[in-house]
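# Analysis of the macromolecular model
Chain by chain, the residues run as shown.
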Amino acid sequence: LRFGYVARGGLRWSDRRDDFRTEVLDLVKAQQVKNAIIVPVGAKGGFFPKRLPARGAPGFQQAGIDAYKTFLRGLLDVTDNIVDGDIVPPQHVVRWDDDDAYLVVAADKGTASFSDIANDISAEYGHWLGDAFASGGSVGYDHKAMGITARGAWEAVKRHFREIGKNVQEEPFTVIGVGDMSGDVFGNGMLQSRKIKLLAAFDHRDIFIDPDPQDCETSWAERMRLFEKPRSTWQDYEKSLISKGGGVFSRNLKSIEVSPEIAALTGLESEKVTPPELISALLKAQCELLWFGGIGAYIKARSESHADVGDKANDVLRVDAEDVRARVIGEGANLGVTQRGRIAFARGGGHINTDAVDNSAGVDTSDHEVNIKILLREAIRSGALAQDARNALLESMTDEVAELVLRDNYDQTLALTLAQASAPADLDSHERLIKRLEREGKLARRVETLPLTGEFSSLRAAKAGLTRPELSKLIAYAKIDLFDVLMASKATADPAFVEPLEHYFPQELSRFAPQMAAHRLRREIIATQLADDIVNLCGPTFVDRVREITRADPVTIMLAFEAARRIFDLETLSQRINALDNQAPAEAQTALHQAVTSLYRRVTPYLARFAGFDGEEPASIMDVVSRYREAVAAQRGQLWDELSEVEHERVNASRDSLIALGAPRDIANDAAMLLPLTTALDVADLARRTRWPVHEAALLHCAVGAAFSLDALRGAAGALTPEQHWDRLVIRRAVEDFSQAQLKLSEAAAAAIGAPPTQAGVNWVIDAAGRWIASIGQPARRARGAFAELDAEGPWTEAKLILISAELASLIDAVR
């Protein structure tokens with residue numbers, strides 16, 4: 001099953017004879033969400049060999065391999081190929097679809113070691129992708145050796161604990177897990193920190209229990225020994241290292257004696273229990289982290305039946321999320337928790353994302369491998385790279401590929417944190433986005449376990465927002481939506497996107513710039529990167545919100561965002577904020593990032609409306625950046641001196657609140673200064689249109705704003721937090737109107753005053769602005785009087801903002 005022409009996912013050797021089709025359907029839906037952060041969309045395949053010898057019997061593995069080969073040949077028999085740059089359809093096949101040559105498969109349950117087998121089949125068919133057909137083979141990136149899936153999921157674990165206030169790389173913490181040390185995800189995961197106190201773990205063979213680990217370093221070393229021992233099991237664990245009352249127990253035992261220590265850990269009261277009863281108790285035991293590294297669905301919501309879960313083999317073990325006492329769940333493996341189970345766990349105060357977020361590093365690594373191999377194939381064809389140099393080059397980039405992938409995991413979990421921080425306030429916009437995606441046939445909320453209308457009403461009444469698992473889904477679908485929009489446009493051809501394309505690949509590959517520019521998936525890579533950045537930095541509803549204010553189309557908004565990022569050099573500040581991990585409270589980091597987001601939310605609409613991205617001859621991103629960047633940089637250097645008293649007070653209050661949260665003074669000050677910097681584009685246009693120097697134009701803009709209390713009006717509007725969408729839209733439009741009023745009045749003032757003398761200074765500009773305002777007469781007095789009257793009559797409301805906006809419109813008409 002594939003979600004598009006450029007799609008990828010694993011091929012699974014299924015052991016679910018009765019419902020393997022359901023298994024593949026569930027997995028492909030999860031894969032589509034997981035692939036939102038990478039280039040191909042989701043795909044998943046499965047095969048069930050019906051004539052196998054008994055498991056473990058001679059010939060069992062070979063029969064499975066033969067079935068796998070048959071399945072692959074069947075796929076390639078109906079797949080187009082590329083020969084000398086041209087699409088070549090398969091012979092004797094009637095095609096009802098368009099050209100479709102991109103067929104890539106990945107390892108999955110039962111096929112983890114089959115990549116070379118798949119690539120041999122690819123070579124047999126002369127498939128254009130060669131050994132990029134199946135990633136992770138002998139010439140590729142070995143996920144287990146890199147530990148990449150576990151390392152990616154560990155980024156999520158570290159963030160959860162940072163937000164609790166704990167550094168799990170430096171402080172001991174307790175873990176219960178699913179899996180064994182020979183497994184990729186569990187084994188690598190349990191080596192990510194030397195401070196792990198592994199209380200218990202189980203796989204399909206054994207139950208390991210160490211009720212009170214005494215020495216983190218010693219137990220880490222023993223886990224490492226098992227990890228490096230081929231085909232190790234928990235029975236290989238050195239028993240003398242296990243604390244009193246613990247042990248390794250076979251799941252084949254009829255009963256297991258419950259020691260006082262196991263009883264204390266699990267809460268079991270019986271003297272003896274069956275292995276399934278012990279496992280269920282462990283899943284509910286008190287611990288800090290529950291780590292999933294093995295196959296199976298072990299946690300559901302109380303509202304779900306075991307039949308709803310669709311994993312019969314584990315019905316006897318499964319527990320309700322409401323009974324789980326772990327503080328954090330890390331889903332290194334797929335489908336360990338149902339989506340309803342995740343939501344229930346999160347509503348109860350637990351920290352959890354989704355498997356699609358936590359373990360996305362594996363597919364991300366495969367994505368990079370395939371796209372690198374496509375690039376190198378063209379480099380070899382063109383003579384830029386020798387064939388025999390390719391494999392060594394691939395291997396040399398392993399560490400940098402891992403860094404690129406882990407950066408995605410870091411950014412993805414940060415996006416969830418930012419979305420969660422404002423989730424109650426954003427509930428209405430989240431509901432509107434879900435409804436729009438439903439109308440357009442892009443989302444089925446029942447399938448994705450997103451709230452129905454009545455459930456949104458309940459959340460609204462409780463002043464609650466979506467949980468992280470729900471936000472994980474919404475963020476993924478927002479990215480998919482933006483990706484589709486970009487792919488339907490010509491926006492990815494903008495020359496500015498050469499830079500993010502280069503950043504996607506390891507630095508070593510920058511020497512293949514011509515091949516990179518001609519990469520077959522160039523557009524997809526660019527569209528994915530841009531959609532990812534927008535949603536990560538500004539939230540899933542950002543583009544919809546800007547569209548409501550500006551009526552600009554989504555592509556224009558996305559181009560405006562990219563221009564804003566470059567004009568204001570916001571990545572540097574974001575990196576400084578991220579560098580505060582475990583140095584400042586997570587709450588302070590979140591607030592600092594929100595200050596950056598606020599700037600995007602103000603300047604992107606401005607650029608979407610006025611930068612010319614949607615004209616008959618659309619402006620390029622770098623044209624717009626060139627128009628504004630120098631003027632913005634000039635203002636940044638003198639901004640404090642150009643601010644009104646009202647703005648000074650707002651900046652000081654913002655800075656002090658950030659410092660109170662624990663932010664360092666220098667970063668808090670830089671973040672607080674973003675608040676007045678939102679008018680920098682207005683000033684840049686004022687200077688350009690009036691030919692005033694930027695500094696004097698900024699002083700004039702400030703003087704006009706202070707004279708008509710426009711700074712105070714923006715502050716009053718920003719302080720309002722209405723619950724209804726339309727009320728919030730009125731406020732956002734009012735803020736835009738106030739900014740436009742300030743710009744138009746400043747332009748009128750500059751035209752009336754004339755060119756300022758060299759180095760006019762603050763006093764000259766203020767005096768000149770005062771004389772101009774006095775010359776306006778009654779219209780100016782009426783506007784200032786209206787503000788004074790409305791300001792004196794209690795708190796500001798949406799109605800008051802509409803009234804004063806009308807007065808300002810009349811004033812602008814009077815001075816034209």
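Fair warning: this is a prediction, and the values are worked out from it, not measured in the lab.

### Notes on the overall build of the protein
In terms of regular secondary structure, the protein is built from 36 helices and 16 strands. Taking 816 residues into account, the globule formula puts the C-alpha radius of gyration at 28 Å, and the protein, at 30 Å, falls close to it. Seen through its principal axes, the protein has C-alpha atoms that stretch 100 × 70 × 45 Å. Here the protein, with 816 residues, has 57% of them falling under the buried criterion. A separation threshold of at least 6 residues defines the contact pool for the protein, and within that pool the share at least 24 residues apart is 71%.

### Considering unusual backbone geometry
The phi torsion at L335 lies on the positive side, around 60 degrees, for a residue other than glycine. In this fold, L335 is placed in the loop between β16 (328–331) and α11 (339–347). If you check the backbone angles, T449 has positive phi at about 55 degrees while not being a glycine. As for its placement among the helices and strands, T449 is situated in the loop between α16 (427–439) and α17 (453–461).

### A word on the sheet that holds strand β8 (residues 196–202)
Overall, mixed pairing links the six strands, which are arranged β10-β9-β8-β7-β13-β16 in an open sheet. One side of each edge strand has no neighbouring strand; the edge strands of this open sheet are β10 (247–250) and β16. Neighbour to neighbour, the strand axes of the sheet diverge by 20 degrees on average, direction disregarded. Direction of pairing for strand β9 (residues 206–209) relative to β10: antiparallel, over a ladder of four bridges.

### Quick word on the packing of aromatic side chains
Tallying each qualifying case throughout the model produces 22 aromatic pairs. Through a chain of ring-to-ring contacts, three or more aromatic side chains come together here, namely W13, F47, F60, Y68, F71 and F114. Here the basic side chain of R194 rests over the ring of W220, its NZ or CZ set 3.7 Å away from the ring centre. Just above the ring of F708 sits the side chain of R784; from NZ or CZ to the centre is 6.0 Å.

### Quick notes on helix α5 (residues 148–164)
With 17 residues, α5 should reach 24 Å at 1.5 Å per residue; the first-to-last C-alpha distance of 25 Å fits that figure. Positive backbone phi, approximately 105 degrees, marks G165, located one or two places after α5.

### Examining the pairing of β9
The side-chain alternation of β9 yields two buried faces, one formed by D206 and F208 and the other by I207 and I209. Between β8 and β9, which follow one another and run antiparallel, lie three residues.

### Re a positive patch on the surface
Taken together, R17, R21, K50 and R51 make up a surface patch of like positive charges. Mapped onto the elements of the fold, R51 is located in the loop between β3 (45–47) and α2 (60–77).

### Considering the nonpolar core
Core analysis: the biggest nonpolar cluster contains 158 residues, and L509, I567, F568, L607 and F708 have the highest contact counts within it. Setting aside residues no more than four positions away along its own chain, F568 makes contact with L599, V603, V632, R636, L677, A680 and L681. Counting residues in each nonpolar core, the second largest holds 35 residues, with I209, V258, V337 and F345 among its members.

### A closer look at the environment of D308
Looking at the element boundaries, D308 is found in helix α10 (residues 306–309). For the pair formed by D308 and T338, sequence separation is 30 residues and the distance between their alpha carbons is 9.5 Å. Polar contacts involving the side chain of D308 include one to the main-chain amide nitrogen of S305, which spans 2.8 Å.

### Considerations on the environment of A101
By the secondary structure assignment, A101 is in the loop between β5 (86–88) and β6 (104–106). Sequence separation of A101 and S422 is 321 residues, and the distance between their C-alpha atoms is 43 Å. Filtering out sequence-adjacent residues up to four positions away, A101 remains in contact with T79, D80, N81, I82, I87, H127 and W128.

### As for the pattern of salt bridges
By the definition in use, this model includes 67 salt bridges. Where E499 meets R566, a salt bridge forms, and the shortest distance between an N and an O atom there is 3.2 Å. Residue E499 is located in helix α19 (residues 498–504), and its partner R566 is located in helix α23 (residues 554–568); the two are separated by 67 residues in the primary sequence. The class of R566 is buried, set by a relative accessible area of 13%. In this structure, the salt-bridge partner of D685 is R688, at a minimum N-O distance of 2.5 Å. With a gap of three residues between them, D685 and R688 both fall in helix α30 (residues 680–690), about one helical turn apart. With relative accessibility at 0%, the residue D685 sits in the buried group. What makes R688 partly exposed here is its relative accessible area of 43%.

### Concerning the packing of helix α18 (residues 468–487) against α23
It is the contact of α18 with α23, at a shortest axis distance of 9 Å, that shows an interaxial angle of 100 degrees. If you check the angle between α18 and α23, you find them roughly perpendicular. Of α23, the residues touching α18 (which contributes L482, V485 and L486) are P554, V555 and M558. Here the contact of α18 with α23 is composed, by residue class, of six nonpolar, no polar and no charged.

Rules of the game
- Residues numbered from 1 in each chain as written.
- Predicted model: local features only at pLDDT ≥ 70, side-chain atom pairs only at ≥ 80, totals over all residues.
- Heavy atoms only, no water.
- Helix = DSSP H or I, 4+ residues; strand = E, 2+ residues; numbered from the N terminus.
- Rg over C-alpha atoms; globule rule 2.2 N^0.38 Å.
- Buried < 20%, exposed > 50% of the residue type's maximum accessible area, 1.4 Å probe, protein only.
- Contact = heavy atoms within 4.5 Å.
- Pairing = 2+ DSSP bridges.
- Axes fitted to C-alpha atoms, helices over the stretch in contact; angles between N-to-C directions.
- Phe/Tyr/Trp six-rings, centres within 6.5 Å; stacked < 30°, edge-to-face > 60°.
- Lys NZ or Arg CZ within 6 Å of the ring centre and 35° of its normal.
- Expected span 1.5 Å × (residues − 1).
- Patch = residues over 30% accessible without salt bridge, like charges linked within 9 Å, V, L, I, M, F, W, Y side chains within 5 Å.
- Areas by Shrake-Rupley, 256 points an atom, 1.4 Å probe, with all protein chains shown as cover.
- Salt bridge = Lys/Arg side-chain N within 4 Å of Asp/Glu carboxyl O.
- Lys, Arg positive; Asp, Glu negative; His and termini not counted.
- Charge placed at Lys NZ, Arg CZ, Asp CG, Glu CD.
- Core = buried A, V, L, I, M, F, W, Y, C linked by side-chain atoms within 4.5 Å.
- Polar contact = N/O pair within 3.5 Å; in protein donor to acceptor, adjacent residues only side chain to side chain.
- Parallel < 35°, antiparallel > 145°, perpendicular 65-115°, else oblique.
- Nonpolar A, V, L, I, M, F, W, Y, C, P; charged D, E, K, R; others polar.

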